[in-house]
Amino acid sequence: MKKEIHNNLTIENLMKTKYFKQLDRDKKGEILINSDWFKQFNYYQKEEIKIGIKENLDLSIYANLKFDWEQMDEIRMGLKENLDVSIYAKTSFYWEQMLEIRLGLEANLDVSLYANPEYNWEQMKELRLKLLEERKNKNE
């Protein structure tokens, strides 16, 4: 059950508000880390959230129990690089698949060709490397 902090406002919803986004990093961290909401995460998930606070990232995208810490890490790294993480910030992807999609986004590849949970991460990697090779051959 989600902990309500005021008038049915949960921490998850608070993080999405304009008010919260305008707070400085330290104040955001103080509110989140001292909340009951934060206590529900395991140690490694908490570490990913703390890193996101320090990096002033939009935690509402990945600070969710539906993601394990490795998935959180991949989403956080994409946010840090200003990538469109909405492509892979989904529970249908394992962290290894998220990694392959993130690497493709970083390389400006058309990840829509392999960002499909039906592909395992090895297949995604093979497709990503093929796209990189095709681009290299095209530019030679």
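Bear in mind that the values here come from a model prediction, so they are computed numbers and not experimental data.

Trainee: Which parts of the structure should I look at to understand the overall build of the protein?
Mentor: Scanning the protein for helices and strands turns up 8 helices and 2 strands. Start at the N end of the protein and walk to the C end: the helices and strands fall as β-β-α-α-α-α-α-α-α-α. When its C-alpha atoms are laid out on the principal axes, the protein stretches across 60 × 25 × 25 Å. Split into buried and exposed, the 140 residues of the protein put 36% on the buried side. The contacts in the protein between residues at least 6 apart in sequence include a share of 34% that link residues at least 24 apart.

Trainee: I would appreciate a short explanation of the packing of helix H3 (residues 25-33) against helix H5 (residues 43-54) in the present structure.
Mentor: Each packed pair of helices is defined by two parameters, the angle between the axes and the distance between the axes. It is the contact of H3 with H5, at a shortest axis distance of 9 Å, that shows an interaxial angle of 160°. By the angle class used here, H3 and H5 are roughly antiparallel. With respect to the hand of their crossing, H3 and H5 are arranged in right-handed fashion. Taken together, the residues of H5 that come into contact with H3 (itself represented by Arg 25, Gly 29, Leu 32 and Ile 33) are Lys 50, Ile 53 and Lys 54. Split by residue class, the contact of H3 with H5 holds 3 nonpolar, 1 polar and 3 charged.

Trainee: Which parts of the structure should I look at to understand the confidence of the model for the protein?
Mentor: Predicted coordinates in areas of low pLDDT are best not read in detail. Confidence in the prediction for the protein averages 92 pLDDT; 94% of positions are at 70 or higher. Long-range and interchain partners of residues 1-6, a stretch whose pLDDT sits below 50, account for 9 contacts in this model, where long-range means more than four residues apart.

Trainee: What am I meant to see in the nonpolar core here?
Mentor: The tendency in soluble globular proteins is for nonpolar side chains to be buried side by side. Leu 32, Trp 37, Ile 49, Leu 59, Ile 75, Tyr 88 and Ile 101 are the most contacted members of the largest nonpolar core, which totals 33 residues. Contributing elements (two or more residues each) for this core: helix H1 (11-15), helix H4 (36-39), H5, helix H6 (69-80), helix H7 (95-106) and helix H8 (121-139). Once you skip the residues sitting within four places of it in the chain, Ile 75 turns out to touch Ile 61, Tyr 62, Phe 67, Val 85, Tyr 88, Ala 89 and Met 98.

Trainee: Explain the environment of Leu 23 here, please?
Mentor: Looking at the element boundaries, Leu 23 is found in the loop between helix H2 (18-22) and H3. When near neighbours in sequence (up to four residues on either side) are disregarded, Leu 23 contacts Lys 28 and Ile 31.

Trainee: In this structure, what is going on with the side chain of Glu 12? I would like to understand it.
Mentor: Position of Glu 12 among the secondary structure elements: in helix H1. Looking at Glu 12, its side chain comes within polar contact range of the side chain of Trp 37, at 3.1 Å.

Trainee: Explain the packing of H7 against H8 to me, please; I cannot follow it from the model alone.
Mentor: It is the contact of H7 with H8, at a shortest axis distance of 8 Å, that shows an interaxial angle of 15°. Of the possible angle classes, the one that applies to H7 and H8 is roughly parallel. Note that H7 runs across H8; the crossing there is left-handed. Between H7, through Glu 96, Gln 97, Glu 100, Ile 101, Leu 103 and Gly 104, and H8, the contact on the second element is made entirely by Trp 121, Met 124, Lys 125 and Arg 128. Residues of the contact of H7 with H8, tallied by class, amount to 4 nonpolar, 2 polar and 4 charged.

Trainee: What is the right way to read the environment of Leu 113 from this model?
Mentor: Among the structural elements, Leu 113 can be located in the loop between H7 and H8. Judged by its relative accessible area of 49%, Leu 113 is partly exposed. In the structure, Leu 113 is positioned 18 residues away from Leu 131 in sequence and 9.3 Å away in space, judged by C-alpha atoms. If sequence neighbours within four positions are ignored, Leu 113 has contacts with Tyr 119, Leu 127 and Leu 131.

Rules behind the numbers
- Numbering of residues begins from 1 in every chain and follows the order in which that chain's sequence is written.
- The predicted origin of the model limits local features to residues at a pLDDT of at least 70 and limits the giving and counting of side-chain atom pairs to 80 or more, whereas totals for whole chains, interfaces and linings rest on all residues.
- Excluding hydrogens and water, the side-chain values take into account all heavy atoms of the structure.
- Secondary structure is summarised from DSSP: a helix means a run of H or I of at least four residues, a strand means a run of E of at least two, and numbering begins at the N terminus for each.
- Three labels apply to residues, based on accessible area from a 1.4 Å probe with only protein chains included: buried if under 20% of the type maximum, exposed if over 50%, partly exposed otherwise in between.
- By definition in these notes, contact holds between two residues if any of their heavy atoms fall within 4.5 Å.
- Helix axes are fitted to C-alpha atoms over the stretch in contact, other axes to C-alpha atoms as well, and angles between N-to-C directions run from 0 to 180 degrees.
- Angle categories are assigned with fixed cut-offs, so that under 35 degrees is roughly parallel, over 145 is roughly antiparallel, 65 to 115 is roughly perpendicular, and the rest are oblique.
- A clockwise turn of the near helix away from the far one marks a right-handed crossing, whereas an anticlockwise turn of less than a right angle marks a left-handed crossing.
- Basically, the charged four are Asp, Glu, Lys and Arg, the nonpolar ten are Ala, Val, Leu, Ile, Met, Phe, Trp, Tyr, Cys and Pro, and anything else, Gly included, counts as polar.
- pLDDT runs from 0 to 100 and stands for how confident the predictor is about each residue.
- Residues enter a nonpolar core if they are buried and are Ala, Val, Leu, Ile, Met, Phe, Trp, Tyr or Cys, with the set joined through side-chain atoms within 4.5 Å.
- Between N or O atoms, a polar contact is any pair within 3.5 Å; within protein, one atom must be a potential hydrogen donor and the other a potential acceptor, and residues adjacent in sequence are included only when both atoms are from side chains.

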